[in-house]
Every structure is written in C-alpha cells, then in structure tokens.
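Okay, here's what each chain looks like letter by letter:
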Amino acid sequence: GRLRVDRLGRTVLSGSLAIQRWLTAIGPVRMGVEGFVDNGWIRGRADGSAVIDTDAGGGFRFAITGMTGVFEINAARGLRDGHHAFSVFWNPEL
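Owing to the predicted nature of the structure, the values given are computational and were not obtained by experimental measurement.

A closer look at the confidence of the model for the chain
Where the model shows low pLDDT, its predicted coordinates should not be examined in detail.
And then number 1: Per-residue confidence for the chain gives a mean pLDDT of 92, with 98% of residues at or over 70.
And then number 2: Element-level pLDDT for the chain is lowest in strand β1 (residues 11-26), with a mean of 94, against a maximum mean of 96 in strand β4 (residues 70-78).

Quick notes on the packing of aromatic side chains
One pair of aromatic rings is described through two measures. These are the centre distance and the angle between the planes.
And then number 1: Applying the stated rule across the entire model yields one aromatic pair.
And then number 2: Taking the ring centre of Trp-22 as reference, the NZ or CZ of Arg-30 above it sits at 4.5 Å.

Re the side chain of Glu-72
And then number 1: Locating Glu-72 in the fold gives a position in strand β4.
And then number 2: Within the local environment of Glu-72, its side chain forms a polar contact with the side chain of Asn-91, the two groups lying 3.4 Å apart.

Quick look at the sheet that holds β1
And then number 1: Strand order in the open sheet formed by five strands is β1-β2-β3-β4-β5, with antiparallel pairing between adjacent strands. Lying at the two open borders of the sheet, with one neighbouring strand each, are β1 and β5 (84-91). Direction aside, the axes of adjacent strands within the sheet are offset by 15° on average.

A word on the pairing of strand β3 (residues 51-64)
Every other side chain in a regular strand lies on the same face of the sheet, so the side chains alternate between the two faces.
And then number 1: Both strand β2 (residues 29-43) and β3 contribute to a ladder of 14 bridges, which runs antiparallel. Residue pairing across strands places Asp-38 opposite Asp-55, the latter belonging to β3.

Quick notes on the rules
Residues numbered from 1 in each chain as written. Predicted model: local features only at pLDDT ≥ 70, side-chain atom pairs only at ≥ 80, totals over all residues. Heavy atoms only, no water. pLDDT = per-residue confidence, 0-100. Helix = DSSP H or I, 4+ residues; strand = E, 2+ residues; numbered from the N terminus. Phe/Tyr/Trp six-rings, centres within 6.5 Å; stacked < 30°, edge-to-face > 60°. Lys NZ or Arg CZ within 6 Å of the ring centre and 35° of its normal. Polar contact = N/O pair within 3.5 Å; in protein donor to acceptor, adjacent residues only side chain to side chain. Pairing = 2+ DSSP bridges. Axes fitted to C-alpha atoms, helices over the stretch in contact; angles between N-to-C directions.

This is the structure in structure tokens:
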C-alpha cells in the first residue's frame with residue numbers, strides 16, 4: 001500500500017472482529033474461510049480533526065499438517081470511502 005499523509009495522527013486506536021471456520025482437509029492441506037471487520041480511529045491529525053475508518057471483508061485460509069502458520073488470502077472494502085484492498089501473506093504465528 002501507500003502511505004497517505006492525510007491519515008497520519010498522534011493517536012491511533014484500532015480493533016478487529018473476525019469469525020473463522022475451518023473446512024475439510026484435502027490430504028495434508030486444511031482450508032478455512034474468514035469474515036472480518038477492522039476499525040481504526042485516528043486523532044490528532046494535522047488539521048486537528050479525527051477520522052474513523054472501517055473495513056469489512058473475507059478471505060481464505062490454508063494450513064499444511066505438520067507446519068506452523070497459515071497462508072491467508074483476503075479481500076476487503078472500506079465502508080466509509082469504498083476503497084478495496086487485497087492481501088496475500090503467510091502468518092507464522094497461527
């Protein structure tokens with residue numbers, strides 16, 4: 001992504017709510033789905049105002065038996081600005 005200066009502030013409060021469901025395994029690969037809502041509140045911006053951004057989305061999860069971590073593919077949409085985001089990454093902590 002890109003850094004948008006108009007989104008910078010002195011205080012950021014964020015939170016997420018997610019629901020995840022693992023489906024059947026095909027051989028050593030387990031597949032799951034997830035729905036989520038992410039929220040960010042930014043205060044102390046250069047113009048003195050605050051902004052709240054909320055995104056909602058979903059994705060797929062893939063895990064391989066015997067390995068730690070989960071491969072994630074997500075898509076989300078900003079509820080305030082309507083922008084879309086797509087991410088693909090490996091989460092080694094799950």
